[in-house]
Structures are given as structure tokens and as C-alpha cells.
Amino acid sequence: MRAIADELNREKVPSPRGSTWAHSAIYGDMKRGLGILNNPLYRGQYIWNRSKWVKDPLTGRRKRIENPESEWIIQEMPELRIVDQPLWDRVKARQAAQRAKTEAIQRKNGPRAHGGRGPKYVLSGLLKCGCCGGNYVIVGKDYYGCATRKDRGASVCSNNLKVRKPLAERILLRHVREDLLSEEAYQAFLLELETAIKETNPDSSRWEKALADAKKEKENLMAAIRAGIITPNTKQALEEAEAREAAAQAELDQAGDFDQEELVQQARQLWRRLVEDLGKTDDIPRIRAALQDLLGEIKLFPNENGYLEAETNKGRPEAALGSITVVAGAGFERCLTRVRVPLID
């Protein structure tokens, strides 16, 4: 299918939507009757009520639901046939054999990831081809390659260079760490840390007043009891005053344990540990979010030496380090200019 798509694109044959051809438009989906190889209209058969669209009550989005075959309405229209039945049957037999082979491999190696799980790798969805703008995806066993080149052919994208997944991850993460360990990055982190401390530092004056009020009320109640002034609610009022006194004292004790100066003094060590630990986690979505905030779109360009270079161009200020640590908070301003990183050992 990819070879056919490549040939059609080289010959400038427009796709049904007026764009270039992809292999998916040819192979399609056997179960849903989509794609050139599966369209029953080509053999003179029109099918209604094969599926329906319903709105998801949780997301509000419409999604396609396949109806059982018993509900299909099939009409034979032989005058529309353009593929004879023996040829159609041979194609179906070949597809079934390919599917059986794929399923056997999956049973041996485990199933591939399906939609809904989110990106599987650190750089999934972040890499773009600098030549055509298409996504760089996993091709083969352990390489990133241009999806447009893979699915639509050389006439649509000339970039045939691939990069090993571990190599791309290692180099780009190293680039991020080196950039973040600069003095400029640390000072920005320190500013955010001090702001966060001011916002979260306990206000001891509030609890000092609450403690004084609770003690005064308790003393008044005790004086009334000693004077013989006792009402049905005296005991309850005394217990409530004692509870407020204990709560205020606990808050003051906690505020006394908060050492702002010590935290600031340890800031550089904390920052270095956070940066060096970037990527050393199994939380792939968290790493991806951090890289996306720090690097933005990562474009891969072939250079004159025959290997890829990764180009990043980032300057967005908001929430750039929120995915690395909640300590940094929002507002860490990145001043990263356009930079190219060679993806080579």
C-alpha cells in the first residue's frame, strides 16, 4: 500500500480529498468497509445502517458506533461493480492471511498499544519533520522516522533520515539539563521559590490573636464558674474555648517549625537534584509535559553531513516548569533562542 501511495503521489494523482495519498486511504479498515481495498461499492453492493454517530455524554463529542451485521441494509447494485468477484475474493483472502500473521506475532510478543493509553515514549508527539512538517514517529524496531515519508512516499517528503530512539532521548534530555543548570535558570527558579514561600508561609499573627481570644474566653468562663454562675451551656462553652485554644497553639507550633532561611539556602542543591532527575522516572506523561513546556516544538532537519539536527525554538513564559516540580510553580520564563542540537554519538 505504501508503494502504491508513493507511485500515485509521484504521478501527481490527487487523492479523493484533493491532497496526497497515504497508505491508510488504500488499505482502510476491513471491519468498517473503509478504504479502496474494502469498499463494497466496488463490487456492486451498497450497505446502509452500517454504523451510527452518538454523542458521548461525558465529553460531548460525537463518536462512531458500529451496528451489528444483522441490522445492515444491503442492496445489490451490479451496475456499479468495477471489481470482479474472483479478484475481490483473492484480496480478502490475502488480507485475512496478513491479519492472521500479525495476530500470531502479537500473541508471541504481546499486543501493541491502542488508543486511549496516551503516548508511550518520552518524545512521542513532540518531534516534527523540518522538511514537511509531519510527525516523527516510531518506525521499525527502535527508530524515529518521518511519518509522511513513510506513508506517502519520497515525492511528498524527501527526508529519509531516521534516529535511534534512545539516542534522541539521551541527547535532548542532556541539552535540557545543561541549559537548566545555568546561573540564569537557577536565579529564575530561586525567584519562583521565594514567591511560593511568601504565599505559603503561615501567618502567625492570626493564630496568636486566636490563641489570646480563646484563653481570655476560657478565663472568663472559669471565673463565672468560681462565682457560682453556671448555666446549662457553660460546660459546652468551656469545651469549645479549650478546643479553639488547642487548635491555635498547634498552628503556632507548626509555624515555628517552618525555617524559610534554611529552605532558601538549600535551594541550589534542590534545583540541581530536580534537573538531574528529569527523565529518571516511569511517569512518561510528566516528562513529556516538561519537555514540551521547555522546548516547544522539536523539528528534525537533515544536514549536509548526513545526520539529523534537532531545532528548538522556545520562549513561552507560563508554567514552563510546572511539570518538573510544583515548587517552581508557574511563571518560570524561558529565554531559549533558536538552537540546533546534533543527534549523533
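Note: the structure precedes this text.
As the structure is a computational prediction, the values presented were derived from the model and not from experiment.

*Asks:* I would appreciate a short explanation of the overall build of the protein chain in the present structure.
*Replies:* Helices and strands together make up the secondary structure of the protein chain, namely 11 helices and 11 strands. For the protein chain, with 345 residues in total, the buried portion stands at 30%. Carbon and sulfur atoms form 51% of the exposed surface of the protein chain, whose accessible area is close to 22000 Å².

*Asks:* Is there a simple way to think about empty space enclosed by the protein in this case?
*Replies:* A probe as big as a water molecule, rolled over the atoms, marks out the empty space that is left. In the structure shown here, the tally under the stated rule is one cavity of 30 Å³ or more. Quantified by volume, the largest cavity comes out at close to 50 Å³. What lines the largest cavity is Leu181, Ser182, Tyr186, Arg268, Trp271 and Arg272. For the lining of the largest cavity, the class distribution of residues is three nonpolar, one polar and two charged.

*Asks:* Just checking my understanding: could you explain the nonpolar core for this structure?
*Replies:* One recurring pattern in soluble globular proteins: nonpolar side chains tend to sit buried together. Counting residues in each nonpolar core, the largest one holds 37 residues, and the members touching the most others are Leu291 and Leu300. Looking at this core, the elements with two or more residues in it are strand S5 (127-129), strand S7 (143-146), helix H5 (165-180), helix H6 (183-200), helix H10 (267-276), helix H11 (284-295), strand S9 (298-302) and strand S10 (308-312). When residues of this core are assigned to their parent elements, the largest contribution, seven residues, is made by H5. Beyond its immediate chain neighbours, meaning those up to four positions away, Leu300 contacts Leu127, Lys128, Cys129, Gly130, Tyr136, Asn159, Val163, Leu308, Glu309, Ala310 and Leu343.

*Asks:* What is the right way to look at the sheet that holds strand S8 (residues 163-164) in this model?
*Replies:* In sheet architecture, strand pairing relies on hydrogen bonds along the backbone and comes in two forms, parallel and antiparallel. Taken together, the three strands give an open sheet; going across it, the order is S6-S7-S8, and neighbouring strands pair in antiparallel fashion. Looking at which strands have only one partner, the edges of the open sheet turn out to be strand S6 (136-139) and S8.

*Asks:* How should the pairing of S7 be read in this particular structure?
*Replies:* Regular strands place side chains that alternate from one sheet face to the opposite one. Note: S6 against S7, four bridges, orientation antiparallel. Following the sheet pairing, Val137 is matched in S7 by Gly145. Once S6 ends, the chain turns through three residues before running back antiparallel as S7, passing Gly140 with a positive phi of about 70°. Both S7 and S8 contribute to a ladder of two bridges, which runs antiparallel. Each residue of the ladder has a partner; that of Tyr144, found in S8, is Val163.

*Asks:* Looking at this structure, I do not really get the state of the cysteines. What am I missing?
*Replies:* One covalent bond between the sulfur atoms of two cysteine residues makes up a disulfide. Throughout the structure, instances matching the rule amount to zero disulfides. Free of any disulfide, Cys132 has its nearest neighbouring cysteine sulfur in Cys157, separated by 3.5 Å.

*Asks:* It is not clear to me how the side chain of Ser15 should be interpreted in this structure. Could you clarify?
*Replies:* Within the secondary structure, Ser15 is located in the loop between helix H1 (2-10) and helix H2 (23-27). By relative accessible area, Ser15 is classed as buried at 12%. For Ser15, the side chain forms a polar contact with the main-chain nitrogen of Ser19, separated by 3.0 Å. With near-sequence residues (within four places) excluded, Ser15 lies in contact with Thr20 and Trp21.

*Asks:* Looking at this structure, how should I read the layout of surface pockets?
*Replies:* A volume near 210 Å³ is recorded for the second largest pocket. Residue lining of the second largest pocket: Ser15, Pro16, Arg17, Thr20, Trp21, Ala22, Ser24, Ala25 and Arg152, and that is the complete set. For the lining of the second largest pocket, the class distribution of residues is four nonpolar, three polar and two charged.

*Asks:* Would you take a moment to explain the pattern of salt bridges for this structure?
*Replies:* Going through the model one piece at a time under the given rule, you end up with 10 salt bridges. Close ionic contact of Arg10 with Glu7 constitutes a salt bridge, the shortest N to O distance being 2.4 Å. Here Arg10 and its partner Glu7 are both found in helix H1, three residues apart, which amounts to about one turn of the helix. Accessibility expressed as a relative area gives 46% for Arg10, which makes it partly exposed. Taking the shortest distance from any N to any O, the salt bridge between Asp56 and Lys63 comes out at 3.9 Å. Its relative accessible area of 40% is what places Lys63 among the partly exposed residues. Connected via shared salt-bridge partners are Asp6, Glu7 and Arg10.

Parameters at a glance
- Residues numbered from 1 in each chain as written.
- Predicted model: local features only at pLDDT ≥ 70, side-chain atom pairs only at ≥ 80, totals over all residues.
- Heavy atoms only, no water.
- Helix = DSSP H or I, 4+ residues; strand = E, 2+ residues; numbered from the N terminus.
- Buried < 20%, exposed > 50% of the residue type's maximum accessible area, 1.4 Å probe, protein only.
- Areas by Shrake-Rupley, 256 points an atom, 1.4 Å probe, with all protein chains shown as cover.
- 1 Å grid on protein atoms, 1.4 Å probe; cavity = no way out; pocket = protein on both sides within 12 Å on 5 of 7 lines; lining within 4 Å.
- Points joined across faces, edges and corners; volume = space filled by probe spheres on them.
- Nonpolar A, V, L, I, M, F, W, Y, C, P; charged D, E, K, R; others polar.
- Core = buried A, V, L, I, M, F, W, Y, C linked by side-chain atoms within 4.5 Å.
- Contact = heavy atoms within 4.5 Å.
- Pairing = 2+ DSSP bridges.
- Disulfide = S-S within 2.5 Å.
- Polar contact = N/O pair within 3.5 Å; in protein donor to acceptor, adjacent residues only side chain to side chain.
- Salt bridge = Lys/Arg side-chain N within 4 Å of Asp/Glu carboxyl O.

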